[in-house]
Amino acid sequence: MPRTLIRKNPSNFKTLPLHVEASPEGLSYQSIGMPLNFAQTLQRRKAIQLADPQRFVVELANLGVSVRLTLHWQGRDYWVLVRQRRQDRGDVVLKLISGYVPAHELNLPLHTAIQEVAEECLLETPEGWLGGRFNDTWLPAPYAAALHYREALPFVLTPASGAARPVHCANLMLLERPRAYVHLPTASLQLIYDLRLQVPREAKGLSLFHVDERLEGDQLVARLNRKRPDLYLMPLQDGQPLAELYTLKKDQLVQASTRGLWLAESFAPQDGWVVRDERVRWKDWLKLQGLVERKREPASHLERFSDKAKKLLARVL
């Protein structure tokens, strides 16, 4: 059974629409209008068109933030992707850790990005769940009321080098230089931060889980489902992704199926400051990257027998 970790009132969340100006040299945004709650924001996320993807002035529904998180574990690097059923778009995709930026953090979206890592990417060891630090600042422990966090062995988040073109909030340049794009189907401005997560060497028996909030009735509910870890690792070689996906359970990488897989729009082609697609097929993204997916190794006789045994046991229980 999935375990409920926290419940929130979605009406407590407020954000602001944006005025955005873009040129080939950079992009600037600032808030306009009155604060909007979650439902009002979703109503504004309607498809728009821009004649010139490099130079425009436009009003957008909201600011979103994502994290291209590179996990360093046992001497190797992996991109972290999470599975999400997007209620507002009626699809299921693998995406970057992401969320909406609240009104009071529009000028500091990095803070939202760091909190999203703490909320969506959970690291478990037999002795408890790992807390984290961003440089010298401790990350929040959002589920401390439901989960036991270890006081020692925090993971460490550090910023990586950012995009070439600057992004400004009004007159303030975002120093971490996130990648920015306007997503036309949702009329939103999206920022992507590059962060690196270092797992402490002493953390043994590591398992990874994704926890995401879903709107259920009049509440946002976050649940942990151990049968669906929903957090995936894409290995990197010399900084470039490989056409492989894994989950991690007790220090063991388990290869994941990519059949019928879709990736969120942050993996789709970007034209200037604009992304036009809702999502992109895994196979199409591999072609764009020049990657070839290796065929999965056929299951051994013992593995097939074990799977049958599990199914029979499930029927009995």
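Here, every reference points to the structure presented above.
Position labels on residues start from 1 in each chain and follow its written sequence. This being a predicted model, a pLDDT of at least 70 is required before a residue's local features are given, and a value of 80 or more before pairs of side-chain atoms are given or counted; all residues contribute to the totals for chains, interfaces and linings. Values reported for side chains reflect all heavy atoms of the structure, with hydrogen atoms and water molecules removed beforehand.

Visitor: Is there a simple way to explain the pattern of salt bridges in this structure?
Guide: The working definition used for a salt bridge is a side-chain nitrogen of Lys or Arg within 4 Å of a carboxyl oxygen of Asp or Glu. Tallied over the full model, the rule gives eleven salt bridges. The salt bridge involving glutamate 119 is made with lysine 8; its shortest N-O contact spans 4.0 Å. On the criterion of sequence distance, the pair formed by glutamate 119 in helix α2 (residues 109-120) and lysine 8 in strand β1 (residues 3-8) is long-range, its members being 111 residues apart. Between arginine 223 and glutamate 216 there is a salt bridge; the shortest N-O distance is 2.6 Å. The exposure class of arginine 223 is partly exposed, given its relative accessible area of 28%. Ionic contacts of the salt-bridge type, sharing partners, join the residues Lys8, Glu119 and Glu213 into one network. In DSSP terms, a helix is any run of H or I states spanning at least four residues, a strand is any run of E spanning at least two, and both are numbered starting from the N terminus. A simple rule labels every residue: compare its accessible area, found with a 1.4 Å probe on the protein chains alone, to the largest value its type can have, and call it buried under 20%, exposed over 50%, or partly exposed in between.

Visitor: Teacher, can you tell me more about the sheet that holds strand β2 (residues 18-23) here?
Guide: The strands making up a sheet associate through backbone hydrogen bonding, with each pair oriented either parallel or antiparallel. Taken in spatial order, the five strands of this open sheet run β4-β2-β3-β13-β14, and their pairing is mixed. Pairing within the sheet leaves two strands with one partner each, and these edge strands are β4 (56-60) and β14 (172-173). Two strands make a pair as long as DSSP finds a minimum of two bridges between them. As paired strands, strand β13 (residues 167-169) and β14 are joined by two bridges and run antiparallel to one another. Each bridged residue has a counterpart across the sheet, and for cysteine 169 the counterpart in β14 is leucine 172.

Visitor: Mind showing me how you'd approach the pairing of strand β16 (residues 188-198) here?
Guide: Side-chain positions along a regular strand alternate between the two faces of the sheet. With eight of eleven residues buried, β16 is to be regarded as a mostly interior element. For strand β5 (residues 62-73) and β16, the ladder comprises eleven bridges, and the chain directions are parallel. Considered in β16, the bridge of glycine 64 is made with glutamine 190. Bridge analysis of strand β12 (residues 149-159) against β16 gives four bridges, and the strand direction is antiparallel. Bridge pairing in β16 links leucine 157 to leucine 197. Taken together, the five bridges between strand β15 (residues 179-183) and β16 define a ladder with antiparallel strand orientation. The residue of β16 that forms the bridge with histidine 183 is serine 188.

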